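# Structural overview
Read off the chains here:
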Amino acid sequence: MALVPVQYLALTEELEQLALDYQSQAQAILRSNGNDTTGRLVNSIKVQPARVEKGVVTIPITMLKYGEWVDNGAERKSGKQPPVQAIERWIKQKSISVPKQFKNITQFAWVIARAIGKGGQRDRRAYPFIQPALQYALDKNIQGVTNAVALDIITYTQKQLDQTSLKKK
């Protein structure tokens, strides 16, 4: 009798809910700690469709790279400067007035972007949101995930028993 791989239908559904709970909690944390100035990071957190490969269920969650810097406070290394338009949006959102030595907001934003590109961004305070959001989602969904694994195993076992019983008759 050839064994058929377990289909994790219930588990996949529960993990998709866990991922959506993670997404909404991460977004809520970012908003509550003031890291939603432009909305780009919050809106970049996306849950991708679940995949089952070789018995492993994965649900990719993506976000902009700088989410890592916000989360752990890591300094941004010098090298590539951030987009001037992003700095302009940030200046407007924070209602920062343009110093008199600059002709306009674009020139001011360009100077800031260039300074970040040359010297990086140091001493950035950490605003953890990845691990707290994951812990929240796990705590909220752990019983459902446990039940889903049990249901998938019972369903698989029952199908295997049914196939074995049918062949003996």
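Structural notes, computed from the coordinates.

Definitions and cut-offs
Residues numbered from 1 in each chain as written. Predicted model: local features only at pLDDT ≥ 70, side-chain atom pairs only at ≥ 80, totals over all residues. Heavy atoms only, no water. Helix = DSSP H or I, 4+ residues; strand = E, 2+ residues; numbered from the N terminus. Contact = heavy atoms within 4.5 Å. Axes fitted to C-alpha atoms, helices over the stretch in contact; angles between N-to-C directions. Left-handed = near helix turned anticlockwise from the far one by under 90°. Nonpolar A, V, L, I, M, F, W, Y, C, P; charged D, E, K, R; others polar. Core = buried A, V, L, I, M, F, W, Y, C linked by side-chain atoms within 4.5 Å. Buried < 20%, exposed > 50% of the residue type's maximum accessible area, 1.4 Å probe, protein only. Phe/Tyr/Trp six-rings, centres within 6.5 Å; stacked < 30°, edge-to-face > 60°. Salt bridge = Lys/Arg side-chain N within 4 Å of Asp/Glu carboxyl O.

### Describing the side chain of Q23
Structurally, the position occupied by Q23 is in helix α1 (residues 9-32). Aside from chain neighbours lying at most four places away, what touches Q23 is I45, K46 and V47.

### As for the environment of T157
With respect to the helices and strands, T157 occurs in helix α6 (residues 130-168). Linking T157 and V6, residues 151 residues apart in sequence, is a C-alpha distance of 8.9 Å.

### Brief notes about the packing of helix α4 (residues 84-93) against helix α5 (residues 105-119)
With their axes 8 Å apart at the nearest point, α4 and α5 run at an angle of 115° to one another. For the pair α4 and α5, the crossing hand works out as right-handed. In this structure, α4 contributes V84, I87, E88, I91 and K92 to the contact, and α5 contributes I105, T106, F108, A109, W110, I112, A113 and I116. Class assignment of the residues belonging to the contact of α4 with α5 gives a composition of ten nonpolar, one polar and two charged.

### Structural notes on the nonpolar core
Of all hydrophobic cores here, the largest spans 18 residues; its most connected members are A26, L30, V70 and F129. For this core, the element with the highest residue contribution is α1, accounting for seven residues. In contact with A26, other than residues within four places in its own chain, are I45, F129 and A133. By size, the runner-up hydrophobic cluster in this structure holds eight residues, among which are I87, F102, F108 and I116.

### As for the packing of aromatic side chains
Applying the stated rule across the entire model yields one aromatic pair. Between F102 and F108, the ring centres sit 5.1 Å apart and the planes meet at 40°, which makes this aromatic pair tilted. Of the two residues examined, F102 and F108, each falls in the buried class.

### Re the pattern of salt bridges
Close approach of charged atoms allows side chains of opposite charge to pair. Throughout the structure, instances matching the rule amount to four salt bridges. For the salt bridge of R31 with D36, the shortest nitrogen-to-oxygen distance reads 3.8 Å. You can call R31 partly exposed: its relative accessible area is 46%. The exposure class assigned to D36 is partly exposed, which follows from its relative accessible area of 27%. Between K65 and E68 there is a salt bridge, with its nearest N and O atoms 2.7 Å apart. On the accessibility criterion, E68 (36% relative accessible area) is partly exposed.

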